[in-house]
Amino acid sequence: MSDCKIVEVKNVSFKYEKEWAVEHVNFSLDKGQFVALIGPNGSGKSTLVKLILGLIKPTVGSIQVFNELIKRFNNWQEIGYISQKSNSFNAGFPASVLEVVKSGLVSRLGMFRFLKREHTQKALEALKVVEMEEFARSSIGELSGGQLQRVFIARALISAPSLLILDEPTVGIDAKHVTDFYDLLGRLNKKTGITLLMITHDIDTITKHATHIACMNKTISFHGTSDEYNQYNEQDLKPSYEHMDQQLIRNNYVEVTS
Ligand SMILES: Nc1ncnc2c1ncn2[C@@H]1O[C@H](COP(=O)(O)OP(=O)(O)OP(=O)(O)O)[C@@H](O)[C@H]1O
């Protein structure tokens, strides 16, 4: 499963104007992994994701996606992205769930060319994957936060990406539905082999679902399997946010452990 590097970040640092937001990051994502990226507020997680998406360029270092340097990569359909902003989607927008999912084809087909019957079929299939097909004809405004996130995943899945990146997708979803949502992502990852990279603050629950955990505080201070992360925890070495702060201050950055 892990024969192909989906993302390879090599010694990347990035600064916005004067402040370094990301420092000396070495990080890779292998095919089929479900990686949770955790770390305190302002630790550079979203910045790392923006770098991987090519939205900003590294100040130092290089990034490859699907074995290609990011500046040469143009197959962006391979990457689905669900941003933090999707949580603030205008629920009053007059569209059905099906229409929202089909809009995921706009970047591939252009506006107004996603209305064919085969595209409706694809949208229904994507909704089935996220267990939301019964809501296809509902208005998007009728859905709960958790249901809305599933619809956004379906919208991302309709163009069949190999990598799906999610930036704090559970903000505003109640605890019970957060677990259901992570269960769904875990099933999606196992069934389809899609690679997942997700920023989250749900440190306590995410190890049950993700295959790997990466901890960030400007640099990557820990990157290993969820079991390795739990062992770290048992030895009372869990890279809690406070611990990560101290490490960062002491060492400036800490070597990746895997
Ligand atoms: N557009 C920007 N211009 C200037 N500074 C920025 C910008 N975006 C982020 N920063 C700064 O870069 C640092 C890293 O921010 P980033 O959003 O990547 O962290 P994060 O770990 O994703 O935080 P959170 O968990 O709160 O979303 C922070 O100090 C932040 O204030």
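The rules behind these values
- Residues numbered from 1 in each chain as written.
- Predicted model: local features only at pLDDT ≥ 70, side-chain atom pairs only at ≥ 80, totals over all residues.
- pLDDT = per-residue confidence, 0-100.
- Helix = DSSP H or I, 4+ residues; strand = E, 2+ residues; numbered from the N terminus.
- Contact = placed C-beta atoms within 7 Å.
- Near = placed C-beta within 6 Å.
- Nonpolar A, V, L, I, M, F, W, Y, C, P; charged D, E, K, R; others polar.
- Axes fitted to C-alpha atoms, helices over the stretch in contact; angles between N-to-C directions.
- Parallel < 35°, antiparallel > 145°, perpendicular 65-115°, else oblique.
- Left-handed = near helix turned anticlockwise from the far one by under 90°.
- Pairing = 2+ DSSP bridges.
- Core = buried A, V, L, I, M, F, W, Y, C linked by C-beta atoms within 7 Å.
- Buried ≥ 20, exposed ≤ 12 C-beta atoms within 10 Å, placed from the backbone.

Moving on, we come to the confidence of the model for the chain. Confidence along the chain averages 84 in pLDDT terms, with 81% of residues attaining 70 or more. Here helix α9 (residues 241-251) stands out as the least confident element of the chain, with mean pLDDT 49; strand β8 (residues 195-199) is the most confident, with 97. Note that pLDDT drops below 50 for residues 246-258; the model gives that stretch 17 contacts with residues more than four away or on any other chain. Across the predicted assembly, pTM comes out at 0.86 and ipTM at 0.98.

It is worth spelling out the site of the ligand at this point. The full set of residues close to the ligand is Y16, E19, A21, G39, N41, G42, S43, G44, K45, S46 and T47. Put simply, the parts of the chain that give the shell around the ligand at least two residues each are β2 (19-30) and α1 (45-52). The class makeup of the residues in the shell around the ligand is two nonpolar, seven polar and two charged.

All right, on to the packing of helix α5 (residues 145-157) against helix α6 (residues 175-192) then. Contact geometry for α5 and α6: axes closest at 10 Å, N-to-C directions at 20°. In terms of orientation, α5 and α6 fall into the roughly parallel class. Our pair here, α5 against α6, has a crossing hand that is right-handed. In this structure, α5 uses G146, Q149 and R150 to contact α6, whose residues at the interface are H177, D180, F181 and L184.

Turning to the pairing of strand β1 (residues 5-16), a few remarks are in order. Here β1 pairs with β2 via eight bridges, running antiparallel. In the sheet register, E8 faces β2, and the bridge partner there is S28. Linking two consecutive strands that pair antiparallel, namely β1 and β2, is a turn of two residues; a positive phi of about 45° is found at E17 within it. For β1 and strand β4 (residues 60-65), the ladder comprises five bridges, and the chain directions are antiparallel. Bridge pairing in β4 links S13 to V60.

Here we take up the nonpolar core. Burial of nonpolar side chains together is a common tendency in soluble globular proteins. By size, the foremost hydrophobic cluster in this structure holds 64 residues, and its most contacted members are V35, L37, V101, V151 and A154. The greatest single-element share of this core, amounting to seven residues, is contributed by α5. Each residue touching V35, except ones within four places of it in the same chain, is listed here: L29, L196, L197, A210, H212 and A214.

On the basis of which strands lie adjacent, the open sheet formed by four strands has the order β2-β1-β4-β5 and antiparallel pairing. This sheet does not close on itself; its edge strands, each paired only once, are β2 and β5 (68-69). Sheet topology places β4 next to β5; two bridges connect them, and they run antiparallel. Directly across from Q64, in β5, lies its bridge partner L69.

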